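So you can see what is in the structure, the chains are spelled out below.
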Amino acid sequence: MNEKISTDKKNSIGTKFYPVYHAAPPVGWMNDPNGFCFFNGEYHLFYQHHPYSAEWGPMHWGHMTSKNLFEWKHLPIAIAPDRFYDKDGCFSGSAIEKDGQLYLMYTGHVIPNVFRKKIHLQTQCIARSSDGINFEKFSGNPVIGNPGDHRASKYDFRDPKVWEHDGKFYAVVGSKIEEEDIGQILLFESEDLEHWNFKSIAAKATENLGYMWECPNFATIDGKEILILSPQGIEQEGIVYQNVYQSGYMVGNLNYETGIFTHEDFHLLDYGSDFYAPQITQTPDGRTILIGWLDMWYEKMPEQEDGWAGMMTVPRELRLKNGKIFSVPAKELEGLRKEKISYEKLSLTEPTKLEKISGDIGELIVDVNTGKTPAFGIELRVGEKEKTIIEYAGAEKILILNRKRSGKGPGDTREVELNPGENLTLRIYLDKSSVEIFINDGEAVMSSRIYPDESSRDIIFVPWGNSFEINSVTFYSF
Ligand code: FRU
């Protein structure tokens, strides 16, 4: 299996859409990040992986490590679907260190041969490792064989996130109420990671919050608890929830006695077209870092023609301000910066290219005086026939990411409503086939894949009112 990967490696890394500083599979398919953690002095990122083709298939856990969160080293596949309890896939899950060993907790996905219909069963399993590279599945798997609550689905029961609290282990698992199609999160507890008891239904969907909650994550940020989840089945509401599935969070409080998570409203973590199933981990210096899948289910993925599919977002640091999560690029990414070009106080009255600001990778920071600029466009990856446009409509206080003419791949727009002050700051990360926009110090983020021609590299600032007033523009080449 790993030989196959090393032979094919040459075929995908470095192909035209392959990212330079984002995590992506050396070959084959990638979806959710899994087991994101810091172990033995480096970050480990596992991921849903099908190494044999650029399509989703029986899931393995791919594995890579990094010291700086932007240079990733590919390691052998950590776990493969090779047991009776995970024969059709090692689905998503998380990692935790115990007694110097790294434990992976994942979902065993099985389509029992005796079932006439293609119905699957899902259980929770563990694997462990002393060196963080070679993993051994536990002989007592599955460690959680059924969902505990009789109304919870046995079929949709997946993606455990494990953590330790006051000397005990806890895991939240994605679930739904089978008969009613209502998403929910189940909580389990354990003394040793091997024996688990059902504790509670920690939270469940109300109104338009979906029929299935996937990929829960739980963390304490700035003294508050948050539950991150990826609901399926939320209906579009105006400009919000336009993607097929959503990822967001709820701030709240987990009562460890009752197992109930009381919480506030659900908010999205990203407003672009491609963001799903994020995972968080703590850095040794106490920051919370998130990485998500920078793709969306059932979308066209032009990189498949080069033998790979799927990539991760840049790592983002989460902070809580006024009860809301702000996401900013992890400070480690500053290590990517090479040449710096800056302009101050520009008053543009016609579409303008700025000398030395162009390229297909890099970081662009634009600080706009929105008080004096009613509307503007920033065109990225501009070529003869294509461009990706960031559009700002001051009257509606809306920022739009328009990839209708971005090149190959899906063409659509995504919008986010802002709370603008006098100024609007956009921090934009470009890689070969992606754009991520961090708005106003992380008030909102928009992430999308784009597939322009390699030669489409211009950046153009377009005034749509009488002038485009820019306080400053900085471009860092990578
Ligand atoms: C989310 C998800 C998870 C599942 C995995 C399978 O994208 O559907 O719920 O574990 O992908 O690849």
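Calculation notes
- Residue numbers here run from 1 along each chain, matching the order of that chain's written sequence.
- Side-chain atom pairs in this predicted model are given and counted only at pLDDT of 80 or more, local residue features only at pLDDT of at least 70, and totals for whole chains, interfaces and linings cover all residues.
- Side-chain numbers here rest on the full set of heavy atoms in the structure, without hydrogens or water.
- Numbering of helices and strands runs from the N terminus, with a helix taken as a DSSP run of H or I at least four residues long and a strand as a DSSP run of E at least two residues long.
- We compute the radius of gyration from the C-alpha atoms alone; for a globule the expected value is 2.2 Å times N to the 0.38, where N is the number of residues.
- Each residue's exposure class comes from its accessible area (1.4 Å probe, protein chains only) as a fraction of the maximum for that residue type: buried when under 20%, exposed when over 50%, partly exposed otherwise.
- Contacts are assigned to residue pairs with any non-hydrogen atoms lying within 4.5 Å of each other.
- Values of accessible area rely on a 1.4 Å probe in the Shrake-Rupley scheme; residue burial ignores everything except the protein chains shown.
- Two strands make a pair as long as DSSP finds a minimum of two bridges between them.
- With axes taken as lines fitted to C-alpha atoms, and helix axes fitted only over the stretch in contact, angles between N-to-C directions fall between 0 and 180 degrees.
- Definition of nearness: a residue and a molecule or strand are near each other if at least one heavy atom of the residue lies within 4 Å of the molecule or strand.
- Think of a polar contact as two N or O atoms within 3.5 Å of one another; within protein, one of them needs to be a possible hydrogen donor and the other a possible acceptor, and neighboring residues in sequence only count if both atoms come from side chains.
- Aromatic rings from Phe, Tyr and Trp, taking only the six-membered ring of Trp, are treated as a pair when their centres fall within 6.5 Å; an angle between ring planes under 30 degrees marks them as stacked, one over 60 as edge-to-face, and anything in between as tilted.
- Here, a charge over a ring is recorded when the distance from Lys NZ or Arg CZ to the ring centre is within 6 Å and its angle to the ring normal is within 35 degrees.
- Whenever a carboxyl oxygen of Asp or Glu lies within 4 Å of a side-chain nitrogen of Lys or Arg, that contact is scored as a salt bridge.

Draft legend 1. Representation of the overall build of the chain. If you tally the helices and strands in the chain, you get one helix and 33 strands. For a compact globule of 478 residues, the expected C-alpha radius of gyration is about 23 Å, and the chain comes in at 22 Å, within 12% of that figure. Here the C-alpha coordinates of the chain stretch approximately 70 × 50 × 45 Å along the principal axes. Taking all 478 residues of the chain together, the buried fraction comes to 62%. Residue pairs at least 24 apart in sequence account for 59% of intrachain contacts in the chain once pairs closer than 6 positions are excluded. Total accessible area on the chain stands at roughly 18,900 Å², and carbon and sulfur atoms take up 46% of it.

Draft legend 2. Examining the sheet that holds strand β27 (residues 398-402) more closely. The five strands lie next to each other as β28-β27-β26-β25-β32, forming an open sheet whose pairing is antiparallel. Each edge of the open sheet is held by one strand with a lone partner, namely β28 (413-417) and β32 (458-463). The average angle at which neighbouring strand axes cross in this sheet is 15 degrees, direction not considered. In terms of strand pairing, β27 meets β28 through five bridges, oriented antiparallel. Bridging across to β28, N402 finds its partner in T413.

Draft legend 3. View of the site of the ligand. Contacts to the ligand come from 13 residues, most closely from D32, Q48, R158, D159 and E214. At 2.9 Å from an oxygen atom of the ligand is found a side-chain nitrogen or oxygen belonging to E214. Contact between the ligand and W297: an oxygen atom at 3.0 Å from a side-chain N or O atom of the residue. Notes on the ligand: free accessible area 320 Å², of which the protein chains cover 95%.

Draft legend 4. The packing of aromatic side chains, seen in detail. The full count for this structure, using the stated rule, is 28 aromatic pairs. Between F188 and F198, the ring centres sit 5.6 Å apart and the planes meet at 70 degrees, which makes this aromatic pair edge-to-face. Separated by ten residues along the polypeptide, F188 in strand β11 (residues 182-190) and F198 in strand β12 (residues 196-204) bring together distant segments of the chain. Given the relative accessible area of 2%, F188 is considered buried. Members of the aromatic cluster, each reached through a chain of ring pairs, are W29, Y245, Y276, W293, W297 and Y298. The residue whose ring lies beneath K321 is F326, and the NZ or CZ to ring-centre distance is 4.4 Å. Positioned over the ring face of Y476 is R337, at 4.0 Å from the centre of the ring.

Draft legend 5. Region of the structure containing the sheet that holds strand β1 (residues 28-39). Strand order in the open sheet formed by five strands is β4-β3-β2-β1-β20, and the pairing between neighbours is mixed. Whereas interior strands pair on both sides, the edge strands pair on one side only; in this sheet they are β4 (73-79) and β20 (308-309). Examined bridge by bridge, β1 and β20 share two bridges and lie parallel to one another. Counterpart to G28 in the pairing with β20 is W308.

Draft legend 6. View of the pattern of salt bridges. Under the defined criterion, the tally for this structure stands at 36 salt bridges. Taking the shortest distance from any N to any O, the salt bridge between E363 and R337 comes out at 2.8 Å. Taken together, the residues span a long stretch of sequence, with E363 in strand β24 (residues 362-369) and R337 in the loop between β22 (324-329) and β23 (340-348) at a distance of 26 residues. When salt bridges with common partners are traced through the structure, they connect D285, R287, E317, R319, K331 and E332 into a single cluster.

Draft legend 7. Examining the pairing of strand β7 (residues 121-129) more closely. The buried count for β7 comes to seven of nine residues, which makes it a mostly enclosed element. In terms of strand pairing, strand β6 (residues 101-110) meets β7 through nine bridges, oriented antiparallel. From the neighbouring strand, L104 faces β7, where its bridge partner is A127. Looking at chain direction, β7 and strand β8 (residues 136-137) are connected through two bridges and run antiparallel. Looking across to β8, one finds that A127 is bridged to K137. Hairpin geometry of β7 and β8 is characterised by an intervening segment of six residues between the two adjacent antiparallel strands and by a positive phi of about 75 degrees at G132.

Draft legend 8. Structural view of unusual backbone geometry. For the bond from N141 to P142, the omega torsion is -5 degrees, close enough to zero to count as cis. Among the secondary structure elements, P142 is positioned in the loop between β8 and β9 (152-165).

Draft legend 9. Looking closely at the pairing of strand β33 (residues 468-476). Most of β33 sits inside the fold, with eight of its nine residues counted as buried. Where β23 lies against β33, eight bridges are found, and the strand directions are antiparallel. Bridging from a neighbouring strand, Y343 pairs with V473 of β33. Pairing of β24 with β33, which is carried by six bridges, proceeds in the antiparallel orientation. By the bridge assignment, E363 is partnered in β33 with Y476.

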